[in-house]
Amino acid sequence: MAILVVVASTIGAAYLYAQKGDTTEVLVLAREVPPGHQITTADLGTAEVSGVVEVIEAEDANEVLGQYTVNGMTEGQILSPDAVTTHPMPGDGQRLVALNIPAGRLPSGVTAGSAVEVLAAPAPGEGAVREQLDAPQVIAARASAHSVEQVADGTVVVTLLVPEADADIVATHSAAGAVTVVQVPVGE
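Treat the numbers as computed from the prediction; the structure is a model and nothing was measured.

Undergrad: Give a description of the sheet that holds strand β7 (residues 138-150) that names residues and reports values.
TA: Spatial strand order, β5-β8-β7-β6-β9: five strands in an open sheet with antiparallel pairing. Both outer strands of the open sheet, β5 (94-101) and β9 (179-183), are each paired with one neighbouring strand and no more. Across the sheet, the mean angle separating the axes of adjacent strands is 40° when strand polarity is ignored. Note: β7 against strand β8 (residues 156-163), six bridges, orientation antiparallel. Looking at the pairing, E149 lines up with V157 of β8. Lying on the sheet, helix α4 (residues 164-175) is in contact with β5, β6 (115-120), β7, β8 and β9; it crosses β5 at an angle near 20°.

In structure tokens:
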């Protein structure tokens, strides 16, 4: 019986060693980063992977330094060529707008990179007419969360990347406490 265990272990180890040759060392993120984050050496790590096609190999790390993430990315996520850009954010025709969102006005699943819409809503404590509630005004239809930060008072500060044409109205509604955020599928 002991001989079978030794033989099986040896065959298993040989198989795993043979499979190691099919891996590629790729770049991964060492920490979570928001969209538009300029990549530094502290952001990068490496991992051995196999079967992944669109990757940036570890040997190309210097080419990635100084570039910007297109979307929010999580720790351990593999970097692909489409995940980085040489253009800083916000880009032409875009603006970053900060919103201080009270509890209940932001879905819990919204994280950096999430696609969202911003709706005009009555400020907390203000009444609303039925027409406002039945036909809410979308004030930013194509926005994405740049960063999301929980504040000690229970509110959440969300920085959104919005089209330039929507930035002023989103900012003024936010200052008045008159916004709510709806998460939408990416690409919608």
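There is more to say after this.
Undergrad: Which residues make up the nonpolar core, and what values do they have?
TA: Grouped together as the largest cluster of nonpolar side chains are 20 residues, with contacts concentrated most on V118 and L160. The set of elements that each furnish at least two residues to this core consists of β5, β6, β7, β8, α4 and β9. Other than its neighbours up to four places away in sequence, L160 contacts R95, L96, V97, L99, V116, V118, A143, S144, A145 and H146.

About the cut-offs
Residues numbered from 1 in each chain as written. Predicted model: local features only at pLDDT ≥ 70, side-chain atom pairs only at ≥ 80, totals over all residues. Heavy atoms only, no water. Pairing = 2+ DSSP bridges. Helix = DSSP H or I, 4+ residues; strand = E, 2+ residues; numbered from the N terminus. Axes fitted to C-alpha atoms, helices over the stretch in contact; angles between N-to-C directions. Contact = heavy atoms within 4.5 Å. Core = buried A, V, L, I, M, F, W, Y, C linked by side-chain atoms within 4.5 Å. Buried < 20%, exposed > 50% of the residue type's maximum accessible area, 1.4 Å probe, protein only.

In short, shape yes, function no, at least from these values alone.
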